[in-house]
Amino acid sequence: MLVSLLMALQLSGTPDVSRLNDLPREPTITYLDRSGAYLGARGGKYGPPVDVDRLPAYVPAAFVAIEDRRFYEHAGFDPVGIGRAIISDLRHGGTREGASTITQQLARNLFLTPDQTLERKAQELLLAIEIERRYSKKQILGLYLNRIYFGAGAYGLEAASRRYFNKPATQLTLAEAATLAGIPKSPTAYNPAEHPQAAAQRAGLVLDAMVETGAITPAQRAAAERRPVRVYSAPASLAQYFLDWTDKQVREMIGGAPKQDLTVETTLDSGLEAAAARSIAAVWPRAARMGVEQTALVSLDGEGRVRAFVGGVDYARSQFDRVLTHRQAGSAWKPFVYLTALEAGRTPETVVVDEPVTIGGWSPRNFEPEFLGPIPLRTALAQSVNTVAARLADEVGRPNVAATARRLGITSPISLEPAMALGSSEVSPLEMAQAYDSFANGGQRVQAYAIERIRANGRVIYERRPQPPVQAIAPLQVAEMDDMLRGVIATGTGKAAKIAGYDLAGKTGTTSDYRDAWFCGFTGGFTTVVWMGRDDSTPMRRVTGGSAPVELWRTYMVQALKRVQPRPLPAPVRVLPVPDSVPIMPAPAPQPAGPPAPPRDAVDDLLPGSALPPLPRPSPQPQSQPPADPDPRR
């Protein structure tokens, strides 16, 4: 060791330790869910600093006891510890016991690489001596606790306390402190979320060491063991898509990278987010066999707060966010057509005719080869009849349908071609959730949002102000639409979404060659949208909105509805006969027979040579999508 020290003294370029507290540290943005639970952090590698004076005395004592029990006696390195380690290594024929002090570990974390070379060890020793000469033990211990790695992406004691126990470090119990103190020896092996038994055994060793050093009494140790440690069970990948989306917004709000540590209180409900993850895991084996590659799920409450946000099947494998990706809406678009018709004077009982129709050279087809003839609007929507939706949009005016969609929250470009009635426009799941939320909350327009407030050093620097309500749908029409969309689940294409005891409504949607499949459903004050497809827009194997998306929606909502306490949807206001002022749609001349009819619940049915020009894309996509085509209703 003396030889190593002499070598170190000859080294040039030894880092300057005179200003350790001034070492650059990128500020961290810490994200909390709606109840204050820790979601994750973005930005700096290290968590917010902790003040050793504010910690319970047993917290730093736990680290000293297990990592460097002679910390308060040595001057940077511990000859007794080094001798003990050498004897242990010789006895066991290998390296089994470390001898680095807390000060040496700090020097290594701040300035050096983990390489096990003689030169690096000597440099570490020299730096530790210099650090001890310039700083107090309390300062050194504070720097160490703020820099050490605790696994699961948590750097620093504060980040680790929030990650594993969902509380600030100042509130740690003795058992929790011992658990965290046991992690640095092997952040992977002693991760309490992944390896609870190994972590508990290691924590027991920490408590033993604390008794031996006099930090705690045997009685306190026994009491700590009787109080079980409850590890915050959120998986490390929970809400990562949501955090990416929210982090971008925060940085836009503050004008770039943060200049100080921030805490962001969000709208996300960790319980619902976890339920969404569990539901995807449960449904995915069957969905994958049907050629489904990816999914998106987003939930909003009646005020537009984002409660759950899952942008893909596995964040670790793909960070591309499908909640924000634009895909053709399919028949999930049709409620905008029917709402426009209701606002023009029709009612759910207005009789329309399901029969062949041609609009501008384009002839939509239905799922069944035969036509249903005269039917009420509510049946046409429940059964997702394409001919009726196409003619209805043509009669009320496609620009008016587009205006309705805009009023409810659709912001993407909207095609005015005849096929727009069947969902040829591209929208994101977040936009669709935003629009459908007006049906769920009594007709008020919402803007989906994720950030409630931002704090810096405990001071609120941003707080979302309550927005004045904007009635996007009149009470009469929202009640009528909700009743019609109930029918989709009661007797129509979304029957598999039924959940006993709950008032539910929604709409299925599928696009060309089964490239996109949707279910947009809601109850009073709570909306969830599910999309499934493939990133390259290639077809799935006959996946429709009424199959895998409904299964995922229902699996999730069974759990979610127990948590959100939904309110009833508005009751139907009236059931009126067709008024004289609203004529039954006339039947056009019979059309020649064509090829076999593709499925119902469709986006579009383009005849040869009638392909629509590609729509502009508001955001980059993995691969452009072809024009829309019918989707099956099942």
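Keep in mind that what you see is a predicted model, and the values were worked out from it rather than measured.

J.: Would you explain the packing of aromatic side chains in this entry?
T.: Aromatic ring pairs are reported here in terms of the distance separating the ring centres and the angle at which the planes meet. One pass over the structure, following the stated rule, counts 13 aromatic pairs. Seen in terms of ring centroids, F63 and F150 are 6.0 Å apart; in terms of plane orientation they differ by 90°. Their pairing is edge-to-face. Of this pair, F63 sits in helix α2 (residues 58-67) while F150 sits in the loop between α6 (137-147) and α7 (157-165), and the two are 87 residues apart along the sequence. Neither F63 nor F150 differs from the other in exposure class; each is buried. Ring centres 5.6 Å apart and planes at 85° place the aromatic pair Y436 and F439 in the edge-to-face group. In this pair, Y436 and F439 are both assigned in helix α17 (residues 429-440), three residues apart and thus about one turn of the helix distant. Take Y436: its relative accessible area is 0%, and that puts it in the buried class. Within the aromatic cluster, the residues linked to one another by ring pairs are W333, F336, Y436, F439 and F522.

J.: Could you clarify how one ought to interpret the sheet that holds strand β11 (residues 459-463) in this entry?
T.: What links the strands of a sheet is backbone hydrogen bonding, and the strands pair in either a parallel or an antiparallel sense. Judged by pairing direction, the sheet is mixed, and its five strands sit side by side in the order β2-β1-β3-β10-β11 without closing on themselves. A single partner strand is all that each edge strand has here, and the edge strands are β2 (38-43) and β11. Between one strand axis and the next, the sheet turns by 25° as a mean value, whatever way the strands run. Strand direction decides the pairing type here: strand β1 (residues 28-32) and strand β3 (residues 262-266), joined by four bridges, are parallel. Each bridged residue has a counterpart across the sheet, and for Y31 the counterpart in β3 is V264. Sitting on the sheet, helix α11 (residues 240-254) touches β1, β2, β3, β10 (451-456) and β11, and the angle it makes with β2 is about 50°.

What counts and what doesn't
Residues numbered from 1 in each chain as written. Predicted model: local features only at pLDDT ≥ 70, side-chain atom pairs only at ≥ 80, totals over all residues. Heavy atoms only, no water. Phe/Tyr/Trp six-rings, centres within 6.5 Å; stacked < 30°, edge-to-face > 60°. Helix = DSSP H or I, 4+ residues; strand = E, 2+ residues; numbered from the N terminus. Buried < 20%, exposed > 50% of the residue type's maximum accessible area, 1.4 Å probe, protein only. Pairing = 2+ DSSP bridges. Axes fitted to C-alpha atoms, helices over the stretch in contact; angles between N-to-C directions. Contact = heavy atoms within 4.5 Å.

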